[in-house]
Every structure is written in C-alpha cells, then in structure tokens.
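Each chain is listed here by its residues.
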Amino acid sequence: MKINYLYAFVLFFLISSCTEEGSERTSFDINVDGKVIQTHLSELSKDYYEGRMPFSTGEERTVAYIESEFKKMGLEPANEGSYIQSVPLVEINSTPDEKMLIRKGNKNLEFDLNTDFMIHTERQANRVDLKDSELVFCGFGINSKEFDWNDYEGMDLKGKTAVVLVNDPGFGGEDESFFKGNTMTYFGRWTYKYEEADRMGLAGLIIIHETASAGYPWYVVQSSWSGEQLGLKRDPNKLDCGIKGWIHLDAAKELFEFAGLDLGEQIRASRKKGFKPVAMNASITAGVNAVYREDVSKNVVGMIKGANQPEEYVIYTAHWDHIGISQAENGDSIYNGALDNASGTATVMAIAKAMVEAPQLPDRSVVFLMVTAEEQGLLGSEYYVENPIFPIASTVCNLNMDGVNPHGRMKDVTIVGYGQSEMDDYAEAVAKTQDRYILADQEPEKGYFFRSDHFNFAKVGIPPLYAEGAYDHRAKGKSYALKQKEIYNKNNYHRPSDEYIESEWDIDGMLEDAQLYYDVGLNIANSKDWPEWKEGSEFSRKVKN
Ligand SMILES: [Zn+2]
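Remember, it's a predicted structure, so these values are computed and weren't measured experimentally. (Residues numbered from 1 in each chain as written. Predicted model: local features only at pLDDT ≥ 70, side-chain atom pairs only at ≥ 80, totals over all residues. Heavy atoms only, no water.)

1. Brief notes about the coordination of the zinc ion
Rules: Each metal site lists N, O and S donors within 2.8 Å (3.2 Å for Na, K and Ca). With water left out of the atoms, a site can look as if it is missing ligands. Only four donors with every angle between 85 and 135 degrees are called tetrahedral; only four or six donors with opposite donors over 155 degrees apart and all others between 65 and 115 are called square planar or octahedral, in that order; all others are irregular. We count a stretch as a helix when DSSP gives it H or I for four or more residues in a row; a strand needs E for two or more, and each element gets its number in order from the N terminus. Only protein chains enter the accessibility calculation, which uses a 1.4 Å probe. A residue is then buried if its area is under 20% of the maximum for its type, exposed if over 50%, and partly exposed in between.
For the zinc ion, the protein coordination sphere consists of H319 (NE2), D340 (OD), D402 (OD) and D402 (OD), at 2.0 to 2.6 Å. Around the zinc ion, the 4 donor atoms sit at angles spanning 54 to 154°, and that spread fits a shape best called irregular. Along the chain, the residues that donate to the zinc ion are spaced as H-x20-D-x61-D. Linking H319 in strand β15 (residues 309-319) with D402 in the loop between β19 (395-400) and β20 (412-415), this pair joins segments that are 83 residues apart in sequence. By the burial criterion, H319 is buried, and D402 matches it.

2. Some details on the domain arrangement of the protein chain
Here is the rule: Start and end positions for the domains come from either an automated domain assignment or a database one. Two residues form a contact once any of their heavy atoms are found within 4.5 Å. The buried area of a pairing is the accessible area, by a 1.4 Å probe, that goes missing from both parts when the two are put together, added over both. Salt bridge criterion: a side-chain nitrogen from Lys or Arg within 4 Å of a carboxyl oxygen from Asp or Glu.
For the protein chain, the domain assignment lists domain 1 (34-74 + 305-525) and domain 2 (92-292). Between domain 1 and domain 2, the residue contacts involve 14 residues of the former and 13 residues of the latter. Taking both sides of the interface into account, the surface hidden between domain 1 and domain 2 amounts to around 1,200 Å²; carbon and sulfur atoms contribute 65%. Considering only the side of domain 1, the residues that lose the most area to domain 2 are L379, E445 and F450, jointly responsible for 36% of the buried surface there. For the interface between domain 1 and domain 2, the tally reads 2 salt bridges.

3. Examining the side chain of S94
Our working definition: Any pair of N or O atoms that falls within 3.5 Å is considered a polar contact. Within protein, one atom must be able to donate a hydrogen and the other to accept it, and sequence-neighbouring residues count only if both atoms are side-chain atoms.
As for its position among the elements, S94 is in strand β2 (residues 84-96). Among the polar contacts made by the side chain of S94, one reaches the main-chain amide nitrogen of T121 at a distance of 3.2 Å. In contact with S94, other than residues within four places in its own chain, are H120, T121, G227, V288, N289 and A290.

4. A few points about helix α2 (residues 34-44)
Among all positions in α2, only G34, V36, I37, H40, L41, E43 and L44 are buried. Summarising the contacts, the buried residues of α2 are in contact with α3 (57-73), α9 (338-357) and α14 (508-525). For α2, the capping residue at the N-terminal end is D33, with a side-chain oxygen 2.9 Å from the backbone nitrogen of K35.

5. Let's talk about the nonpolar core
Soluble globular proteins tend to bury their nonpolar side chains together. The condition that has to hold: Buried Ala, Val, Leu, Ile, Met, Phe, Trp, Tyr and Cys residues form a nonpolar core when they are joined through side-chain atoms within 4.5 Å.
In this structure, F70, Y316, I351 and F368 are the most contacted members of the largest nonpolar core, which totals 63 residues. Beyond its immediate chain neighbours, meaning those up to four positions away, F70 contacts L75, Y83, V300, V301, G302, M349, F368 and M370. Formed by 50 residues, the second largest nonpolar core is a distinct cluster that contains I206, F256, F258 and Y466.

6. Some points on the pattern of salt bridges
Side chains carrying opposite charge are able to pair once their charged atoms draw close together. Evaluated as defined, the whole model comprises 30 salt bridges. The closest approach of N and O atoms between K72 and E69, which form a salt bridge, is 3.0 Å. Taken as a pair, K72 and E69 lie in helix α3 at a separation of 3 residues, close to a single helical turn. Residue class for K72 comes out exposed when judged on its relative accessible area of 65%. Taking the shortest distance from any N to any O, the salt bridge between D148 and K273 comes out at 3.6 Å.

Okay, structure coming up:
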C-alpha cells in the first residue's frame, strides 16, 4: 500500500513536472519560420539551379538568389559594401604516368596506376617528377605538439618521399586515452598529412591505404583522386610537396619486402612513442602531367551589426554548392543536393531573417556566410579563414549547418565532435528548453568533425557547433530514425535522387534544429562569453582574448 502510495505520488510529481515543462516549451518563442525554410529549400533544390556546381550557370543562379534574398530581408552586405567574397580557385587535372618505379641497388620494382597506386599534383605546373627520390617510412606522418608526437623527427626530408600510414596511432588499440583511441583525430585525416608534407618540404608523400583505418575501401581512393581536383589558388613561389598519393596495402607490403623491411613490424614500432623515421634505402621515380585552369567562385556574406559589441562576431555558415550535373541515374543527371546542402542554406537564411526581424539587435555582430566548394574539399570556408573579412581573434564562434534533419522532430541533439569545446554546453542549455538531450557523435571513427566547413574555423581556433537531431524520433523512436538515416545514405547521398519532395519531408525537425541554432547563436551574441576549447582537444584559440 505504502509503495503504491509512494508510486502514485512519484507519478503525480512526474506528470506535474512534465506539464510544467510542456507549458514552458509552448511559451518558448519560435522565432524561425518553417515556411521560410521550405520556400528557400524548394527553390534551391530545383533543376533550374543545375546541382549548384561552382563555375557553372548553376553557381550564377544560386549566388544571385541568395544575394537578392539577403538584400530583401535586410541583411547588411558584409564585405566592404558587397555581399560577395570572391574565392580564387584552380582546377588541376593530373594524368599520372602509368608506372611507378622503385629502385634499390640494381634491382627494380614496378607498380601500376589505379590497381597499386594513385598520385596527383597540387602544383600549377604542366609536369611534376620524382626522380630517384629517396624513400623514408615516417610512421603516421604526424608532427603534433598537442600529442607530443613527431614522426619526422631527426631527419632532413628535403627532396625525399615519405611513406606514411593512414589514421593515427590511437586507432585500433585498447587505450582510449592514447591519441583519442578509435575516435579519429585531425592528425588521422589525409588532409592533415598532405598539409604536413607541404610544411616538411617533402618532394613526395605516399599514404598506405588500409580499409578499416581509412574508413573506406580502395575504390573510393581511386574515384576521388582521378580527374579534376579543385583547390585554392596557391602562391606559385611556395615550394609545396609536388606529388601526393596513395598506395594499395598489397603493394605496400611488396614495397617494404623489397626494401628489406617487414610492414607489420614497422607499423607496430610506429605506434610506440619515440618512433624515428626509417630510411628505406630505396628510391622512387614517378611523374604527373597536368593541365590547370584558374577561375573564381563566390562566398555570399551578409550581416547584422551588433548594438553593443559590433567588433565581435558570431558566424553562421552553410555551403551553397553541390556537385552539379553528372552521370545519369534513372534518366536524371541533375544532382540537386536538396539535403546536401540546400537544407542548411535554407535554414541559415531563415535564421538570418528571424534575427533581422527580432525587436532587438544582438549585442555582438552576427554574420551569415554561405560558402562555395565544400564538396571539393571545404574550399570556400578555407579561403574565408585564410582571408577573413572579420579578424579571427574577434570571432567568437561558428555555427555550421550541413544536411539538416528532414525526418521530423527528434529527442536528441547529436553533436559531431562532442567534447571538443564549450559549444556543447551552449547547445545543451538550449536543448533542455526544447525537452531534448545531447548525444555524442555516434560514428567518431569516421572523422565527420573534419568533413564540413566548421572544421576550417576549428583549425584557426574558433570553436564551432555542428549538430542536429538524428537518432531518436519523438513519435517513432530510435530504430525509425536510424532506418531513415540509412536509407538516405544508401539511396540518396551524392546522387540525383537527393531531391526535395514536400510530401516526404517532415520539416518540423528542421525547424526545431533551426530554433536551437537561433538560440545558441543569439545567447552567445548577447553575452560577453568566449566559448573555449576543452581539455584534450587538438585545437586552441590562436590569439588569447
Ligand atoms: Zn554537405
């Protein structure tokens, strides 16, 4: 009896506190207008925009649309009176020699393009060669103060070619505190290894592919690294690593054996502290013919000037670009990119409109930056942080949207890169007002934190938020949410079928995420806070405030 009474009391308490929360939630302002999201989303997903490829008619139309909408809603042009930031890009089409030659003493070993290796150049040159360049095994190719680790230590590598492993030494081990265990760090990404090769002045860099460590099979390496590559236009005087590429695991085993080394043994050694580069006493000869063309794409940028601290900035981002017109599937060759990323572009535009129409100006300035060429390697945002309109040291945080939940309202707010910065805490505070809970990235080994535009802000020390409702559908539960995610990844991701179908998209979840982003951005814009990086993050603010 007593227990029943207590139970009833607890139940009563639970119900009453629920109602209280419920009424709190309904009194909570919904500032962002779902109809506005829908209008921009359906517009930008139309065939008229031709899949929004940089340098195409699709780009011209997309940029014109965003620019005119920014103007209409009353955002100020943010770049010296203009809504446009020009982004000079270069498109390089590498044609590698069919064979790669390895020499040791008077013995030769040959590898075949595509099956054994893939290489390309990022130089604006018609021909780049490695001629008997000395091979050195450099572990994971990591030089990191944060992890007190240097795979290049003690060897002059000028003119040499480094052979390195994909991912970082923490992957595949038991110890979650060694690097970040199976959670991929920035130092595990090939993008990092390419950049470090430039800094080290290497002549060549070859990454050994392994499916589990890379997170994808060899055919992805093949398809990603053949044909045209877009990149930022670089200073032609800067002597960067001329040839970069990958070698298949089987070919790598052969290469090590040829050099008199055991690959397995070397991998084990390279996962231990104090590893030193190993001269392979062999050389590589390989080459690439290239043609390149320069062109200019565009970021679109508008702002609301802050009322009290206008010289401090909160920056929202979403990439407007997608992959254009390509291989037809079921008679459709336009890759509309409705989810990726008309959804994020539309949502950020709706957030901007709501902020412009709010009765009060934010204390700090709020910037809405719609970037180009994300799909080609986060280039628009990289250009922005290298050529910032507003000082990096005065930029408080970044809020990025890329693929906003189209499946309806979710109980979770999944933060990609959870644990990196205090942006988690700002998101959590708002999530609570929406009766939602925070979930950490469910696939941290895939390195999604490094795969959208917020990452370029992280790299220069600006803490970002990249989050969405994803895994726990309010009405239909977790398995439903997961199924929807899987269906999209399997059938629609980077395919012509990524289209906006009004009857199939449930915009309410998108709206809830939009409101969360609105509140997080505005809370920070109306505070004097500088969200910091958390202990153990590989990022930090470059300039102390
Ligand atoms: Zn995207």
